[in-house]
Amino acid sequence: MDNDKGRRATGLLLAVLGAIAFSGKAIIVKLAYRHGVDAVTLIMYRMLFALPLFVAMAWWAGRGKPPLTGKDWLGVAGLGFSGYYLASFLDFAGLQYISASLERLILYLNPTLVMLFGWFLYRKTFTAMQLAGMAISYAGVLLVFGHEVGMVGPDTALGALLVFASAVSYAVYLVYSGQMVQRLGSLRLVGLATTIACLCCLLQFVVLRPIGSALDVAPQVIWLSVLNATLCTAVPVLAVMMAIERIGPSLAAQTGMIGPLSTIAMGAILLGEPFTAWIAAGTVLVIAGIFVFTRGGKK
């Protein structure tokens, strides 16, 4: 019994740490932008430093397993492009124009987007509770968005659109990854798909920027990218995976609700982003709406 309690407590701690580490990505990106780096270069550095970690992850998870077929590789490439390359790049690009708080709230809408894809592709129906939860959460995002437009200006709309497109791209990954997760295992799939994404980001930089421009960045950008690649990319992936093994995906997902709160707190402390009653109200609506949405699905 004590072992079960200890395992559960460890799982909850890992889930909390994973959620906070994931949410720190936006803070690090915003700090790096203060040193004049662009999105193409910044994401290249993040993926360059993360690449060895993901290659090692894929190798470790694939030991003793059968090799991938050509169809498997096509699936992995597609998922890596959508879920980790395109979603990451759109997110980085959007963070040039909006606050870390608004970015995290938009990304937190992801479960509703997955459900919308399920309705569109497989004609899955919504419950009344799910529709109510969606309405509440989207109202919260619109509240924070309207507040930020008034403070920052029209560029907020571009940033919000880019981040929302990032959430859509990641939802595509989640919808289509189910069968491959069963065949390859979650850790192996994540390692392979993120390796593909890293290579896409490196190729993007080679095509769009002179190679020598990689050296023309502030030293702070390099160290922030190392931190992003390790603490906010590889570490939370492993932490959440281990948490799911101990407490299950449902409780791990609910623990993830701490993510938006930690982003807002770090944004206020480290970035000096304002924390107003509008942001507080919008955050409460988004978290409450997603909670109602997920509970409605269980009903």
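Calculation criteria
- Residues numbered from 1 in each chain as written.
- Predicted model: local features only at pLDDT ≥ 70, side-chain atom pairs only at ≥ 80, totals over all residues.
- Heavy atoms only, no water.
- Helix = DSSP H or I, 4+ residues; strand = E, 2+ residues; numbered from the N terminus.
- Buried < 20%, exposed > 50% of the residue type's maximum accessible area, 1.4 Å probe, protein only.
- Contact = heavy atoms within 4.5 Å.
- Areas by Shrake-Rupley, 256 points an atom, 1.4 Å probe, with all protein chains shown as cover.
- Lys, Arg positive; Asp, Glu negative; His and termini not counted.
- Charge placed at Lys NZ, Arg CZ, Asp CG, Glu CD.
- Core = buried A, V, L, I, M, F, W, Y, C linked by side-chain atoms within 4.5 Å.
- Phe/Tyr/Trp six-rings, centres within 6.5 Å; stacked < 30°, edge-to-face > 60°.
- Salt bridge = Lys/Arg side-chain N within 4 Å of Asp/Glu carboxyl O.
- Axes fitted to C-alpha atoms, helices over the stretch in contact; angles between N-to-C directions.
- Parallel < 35°, antiparallel > 145°, perpendicular 65-115°, else oblique.
- Left-handed = near helix turned anticlockwise from the far one by under 90°.
- Nonpolar A, V, L, I, M, F, W, Y, C, P; charged D, E, K, R; others polar.
- Patch = residues over 30% accessible without salt bridge, like charges linked within 9 Å, V, L, I, M, F, W, Y side chains within 5 Å.

*Asks:* Looking at this structure, how should I read the overall build of the chain?
*Replies:* Counting secondary structure elements, the chain contains 13 helices and 0 strands. When the helices and strands of the chain are read in sequence order from the N terminus, they spell out α-α-α-α-α-α-α-α-α-α-α-α-α. Looking at the chain as a whole, 48% of its 299 residues qualify as buried. Considering only contacts within the chain whose residues lie at least 6 apart along the sequence, 90% involve residues at least 24 apart. Surface summary for the chain: the accessible area is close to 14,300 Å², and the carbon and sulfur share equals 72%. Taking the average place of the 20 positive charges on the side chains of the chain and the average place of its 11 negative ones, the gap between the two points comes to 11 Å.

*Asks:* For this particular structure, what's the right way to read the side chain of Lys25?
*Replies:* Its place among the elements puts Lys25 in helix α1 (residues 2–33). Lys25 sits in the buried class, given a relative accessible area of 8%. Contact partners of Lys25, with chain neighbours within four places excluded, come to Arg46, Asp91, Phe92, Glu103, Arg104, Leu107, Asn228 and Cys232.

*Asks:* It is not clear to me how the nonpolar core should be interpreted in this structure. Could you clarify?
*Replies:* Nonpolar side chains in soluble globular proteins tend to be buried together. Counting residues in each nonpolar core, the largest one holds 50 residues, and the members touching the most others are Tyr33, Val37, Leu42, Val76, Leu189 and Val190. Of all the elements in the fold, those that place two or more residues in this core are α1, α2 (39–62), α3 (70–94), α8 (178–184), α9 (186–208) and α10 (219–247). Not counting residues up to four positions away in its chain, the partners in contact with Val37 are Ala32, Leu42, Val217 and Val221. Membership of the second largest hydrophobic core comes to 20 residues, among which are Tyr108, Ala160, Ile287 and Ile290.

*Asks:* Can you help me understand the packing of aromatic side chains in this one?
*Replies:* For the coordinates displayed, the defined rule picks out 6 aromatic pairs. On the basis of an interplanar angle of 75° and a centroid distance of 6.2 Å, the ring pair of Tyr84 and Tyr170 is categorised as edge-to-face. One end of the pair, Tyr84, is in helix α3; the other, Tyr170, is in helix α7 (residues 155–176), and 86 residues separate them in sequence. Both rings, one in Tyr170 and one in Tyr173, keep their centres 5.4 Å apart while their planes meet at 25°; by these two values the pair is stacked. With a gap of 3 residues between them, Tyr170 and Tyr173 both fall in helix α7, about one helical turn apart.

*Asks:* Whenever I open this one, the pattern of salt bridges confuses me. Can you help?
*Replies:* Close approach of charged atoms allows side chains of opposite charge to pair. Taken as a whole and judged by the stated rule, the model has 4 salt bridges. One salt bridge connects Glu103 with Lys25, and the closest N-O pair in it is separated by 2.9 Å. Separated by 78 residues along the polypeptide, Glu103 in helix α4 (residues 100–107) and Lys25 in helix α1 bring together distant segments of the chain. Of the two residues examined, Glu103 and Lys25, each falls in the buried class. Of the charged contacts, one joins Arg209 and Asp38 as a salt bridge, the two residues approaching to 3.2 Å between their closest N and O atoms. With Arg209 in the loop between α9 and α10 and Asp38 in the loop between α1 and α2, this pair connects stretches of sequence that are 171 residues apart.

*Asks:* Would you take a moment to explain the packing of α4 against helix α6 (residues 128–152) for this structure?
*Replies:* Packed helices, taken two at a time, are described by the angle between their axes plus the distance between the axes. Running from N to C, α4 and α6 cross one another at 155°; their axes reach a closest spacing of 10 Å. Classed by the angle they form, the pair α4 and α6 counts as roughly antiparallel. For the element pair α4 and α6, the recorded crossing hand is left-handed. Side by side, α4 and α6 meet where Leu102, Leu105 and Ile106 of the first sit next to Val141, Val144, Phe145 and Glu148 of the second. Per-class residue counts for the contact of α4 with α6 are 6 nonpolar, no polar and 1 charged.

*Asks:* Where do I start with a nonpolar patch on the surface in this structure?
*Replies:* Taken together, Trp119, Phe120, Leu121, Tyr122 and Tyr176 make up a surface patch of nonpolar side chains, about 570 Å² in accessible area. Considering each element in turn, the nonpolar patch owes the most residues, 4 residues, to helix α5 (residues 110–122).

*Asks:* Looking at this structure, how should I read the packing of α4 against α7?
*Replies:* Where α4 meets α7, the closest approach of the two axes is 9 Å, and the angle between their N-to-C directions is 35°. In the crossing of α4 with α7, the sense of the turn from one axis to the other is right-handed. In this structure, α4 uses Leu102, Glu103, Ile106 and Leu107 to contact α7, whose residues at the interface are Thr156, Ala160, Val163, Phe164, Ser166 and Ala167. Here the contact of α4 with α7 is composed, by residue class, of 7 nonpolar, 2 polar and 1 charged.

Interpretation note: all reported values are geometric properties and have no functional meaning in isolation.
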